[in-house]
Amino acid sequence: MNFKRTLLAAALPLTFVFANVAHALEIKFADIHPDGYPTVVAEKSMGAALTKESNGELTFKYFPGGVLGSEKEVVEQAQVGAIQMTRVSLGIVGPVVPDVNVFNMPFVFRDQAHMRKIIDGEIGDEILDKISNSEFGLVALAWMDGGTRNLYTKKPVRKIEDLKGMKIRVQGNPMFIETINDMGGNGIAMDTGEIFSALQTGVIDGAENNPPTLLEHNHYQSAKYYTLTEHLILPEPIVMSKITWEKLTPEQQTMVKKAAKAAQAEERVLWDKKSASSEEKLKAAGVEFITVDKKPFYDATAGVRAKYGAQFADMIKRIDAVQ
Ligand code: BDP
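Definitions and limits used
- Here the residue index of a chain counts from 1 through its sequence in written order.
- Since the coordinates come from a predicted model, pLDDT governs what is reported: local features require at least 70, and pairs of side-chain atoms require 80 or more to be given and counted, while whole-chain, interface and lining totals use all residues.
- For side-chain calculations, the full set of non-hydrogen atoms in the structure is used, while hydrogens and water are omitted.
- pLDDT measures how confident the predictor is about each residue, on a scale from 0 to 100.
- The criterion used for residue contact is that any of the two residues' heavy atoms lie within 4.5 Å.
- DSSP calls a pair of strands paired once it identifies at least 2 bridges connecting them.
- Here a strand is any run of E in DSSP of at least two residues, a helix any run of H or I of at least four, and the numbering for each starts at the N terminus.
- We call a crossover right-handed when, viewed with the strands running away from us, the connection from the first strand over the helix to the second turns clockwise.
- Think of it this way: one heavy atom of a residue within 4 Å of a molecule or strand is enough to make that residue near it.
- Any pair of nitrogen or oxygen atoms within 3.5 Å is treated as a polar contact; in protein, a donor-acceptor pairing is required on top of that, and neighbouring residues in sequence qualify only through side-chain atoms on both sides.
- Cavity and pocket criteria rest on a 1 Å grid covering protein atoms alone: a 1.4 Å probe that fits but cannot get out defines a cavity, protein on both sides within 12 Å along at least 5 of 7 lines defines an open pocket, and an atom within 4 Å of a point defines a lining residue.
- A molecule is said to be in a cavity or pocket once over half of its atoms fall within 2 Å of that pocket's grid points.
- Residue classes follow a fixed rule: Ala, Val, Leu, Ile, Met, Phe, Trp, Tyr, Cys and Pro count as nonpolar, while Asp, Glu, Lys and Arg count as charged, and any other residue, Gly among them, counts as polar.
- Grid points are joined across faces, edges and corners, and a volume is the space filled by probe spheres set on the points.
- Partly exposed describes any residue whose relative accessible area lies between the buried limit of under 20% and the exposed limit of over 50%, with all areas from a 1.4 Å probe on protein chains only and scaled to the type maximum.
- We call Phe, Tyr and Trp rings a pair once their centres come within 6.5 Å, taking the six-membered ring for Trp, and we label the pair stacked below 30 degrees between planes, edge-to-face above 60, and tilted otherwise.
- Consider the ring centre and the ring normal. A charge sits over the ring if Lys NZ or Arg CZ is within 6 Å of that centre and within 35 degrees of that normal.
- Fitted lines through C-alpha atoms give the axes, limited to the stretch in contact for helices. The angle between two N-to-C directions lies from 0 to 180 degrees.

A. Representation of the confidence of the model for the protein chain in the model. Chain-level pLDDT for the protein chain is 94 on average; 93% of the residues reach the 70-or-more range. Under a pLDDT of 50 for its full length, residues 1-11 has, in the predicted model, one contact with residues more than four places off or in other chains. Note on residues 14-22: pLDDT under 50 across the span, and zero contacts to partners over four residues away in sequence or across chains.

B. Inspection of the pairing of strand β2 (residues 58-63) at higher detail. Relative to β2, strand β1 (residues 25-30) runs parallel, the two sharing six bridges. For I27, the partnering residue across the bridge sits in β2 and is F60. Where the polypeptide runs from β1 across helix α2 (residues 38-53) and back to β2, its parallel neighbour, the crossover connection is right-handed.

C. Spatial organisation of the site of the ligand. In the neighbourhood of the ligand, 13 residues make up the surrounding shell, with H33, E71, T192, N209 and E236 lying closest. The side chain of R87 places a nitrogen or oxygen atom 2.9 Å from an oxygen atom of the ligand. The side chain of R169 places a nitrogen or oxygen atom 2.8 Å from an oxygen atom of the ligand. For the ligand, the cavity whose grid points lie within 2 Å of the majority of its atoms is the largest cavity. Split into classes, the residues belonging to the shell around the ligand amount to one nonpolar, seven polar and five charged.

D. Looking closely at the layout of surface pockets. By volume, the largest pocket amounts to about 300 Å³. Every residue lining the largest pocket is counted, 16 residues in all, and those nearest its centre are E71, K72, E76, I92 and G172. A total of five residues in the lining of the largest pocket trace back to one element, the largest contributor, which is helix α3 (residues 71-79). For the lining of the largest pocket, the per-class residue count stands at six nonpolar, five polar and five charged. Estimates place the volume of the second largest pocket at around 220 Å³.

E. Region of interest: the environment of A30. On the secondary structure map, A30 appears in strand β1. For A30, a relative accessible area of 2% gives the class buried. With 32 residues separating them in the primary sequence, A30 and Y62 have C-alpha atoms 6.1 Å apart. Apart from residues no more than four positions distant in its own chain, A30 is found in contact with F63, L68, V74, I83, M85, T86 and R87.

F. Up close: the packing of aromatic side chains. Applying the stated criterion to the full structure yields eight aromatic pairs. On the numbers, 5.5 Å between centres and 70° between planes, the contact of F107 with Y298 is edge-to-face. Here Y298 lies in helix α13 (residues 295-300) and F107 lies in the loop between α5 (101-104) and α6 (112-120), a separation of 191 residues in the sequence. Residue F107 is classed as buried on the basis of its relative accessible area, which comes to 15%. One aromatic cluster is present, built from ring pairs that chain together F29, F60 and Y62. Seen from the ring of F289, K283 lies directly overhead, with NZ or CZ sitting 4.7 Å from the centre.

G. Here's a closer look at the packing of helix α7 (residues 122-132) against helix α15 (residues 313-321). Their axes nearest at 11 Å, the elements α7 and α15 cross at an angle of 145°. Residue-level contacts link E122, I123, E126 and I127 of α7 to M315, R318 and I319 of α15. Here the contact of α7 with α15 is built from residues that sort into four nonpolar, no polar and three charged.

H. The environment of V40, seen in detail. Within the element layout of this structure, V40 appears in helix α2. For V40, a relative accessible area of 1% translates into the label buried. A sequence separation of 11 residues divides V40 from F29, and the C-alpha atoms of the two residues are 9.4 Å apart. Non-local contacts of V40, meaning those with residues more than four positions away in its chain, are made with D31, H33, P34, D35 and P64.

Given below as structure tokens:
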């Protein structure tokens, strides 16, 4: 028996297998929201489309419900390539990529429709590029809609004075703490997963978010008053670890970008449905929706816009000009 030849023959299929493995990639996708939430549903159909289009080279494993940690922790893991993709609120990107804070300013968008026009257009792409071109270690691919954020509290806020001294949870972004403080409250930063028990134990008097989050994260069980301030309208980038991005072929990169943009469109439809059904469910569960005069909230936060907005003066003019 020709020993050398047998060895070679045995080695060949192995080489073949390894070469294939090197192109295949399993993408772990983390989201703080539970299964069935609009973002998660859109992320899953994005993954299914990509697996098909890449002939099985890109596969996806999902970790919804915050099982891999808070958004901040997930971002840190994505930066080192331990998690490949996630969707995060722009609020938590602001402290590390200050350029994105223009979208994080209170009342920077007139309404949700205005925000959608912006993220669908060139300004939206510019902000995604700012994230990708920063030292953040993530490539920002597309936007998901995070609706409009309103205050929810244990005692009703029917006018801005009612907020006085209330401890209100915000995302870990100094601008949001200042926003709540300037409205008369007491802004406290904490992770999403801590809000439920902080509300129950009275560590906080309220928080602020959109109807689907108020419902799905069960915060409504303790906070029964929902004051429609619409002070923040935060879009949410879908990001990929730069380490992962650089492993993809140019064709795969194009595929991923296209699929993420398709997820942006799909999530929007899901979002509108989910928002409407969440409102109904919240009301049925005894949550009072309070319509307020937004002007005092807008006026109270002028200082935040002046302080942070100066550096974005040109972009804010362009945002305002979009009809
Ligand atoms: C929700 C966002 C989510 C944030 C959460 C929060 O979709 O990404 O983590 O708010 O405020 O609306 O922590």
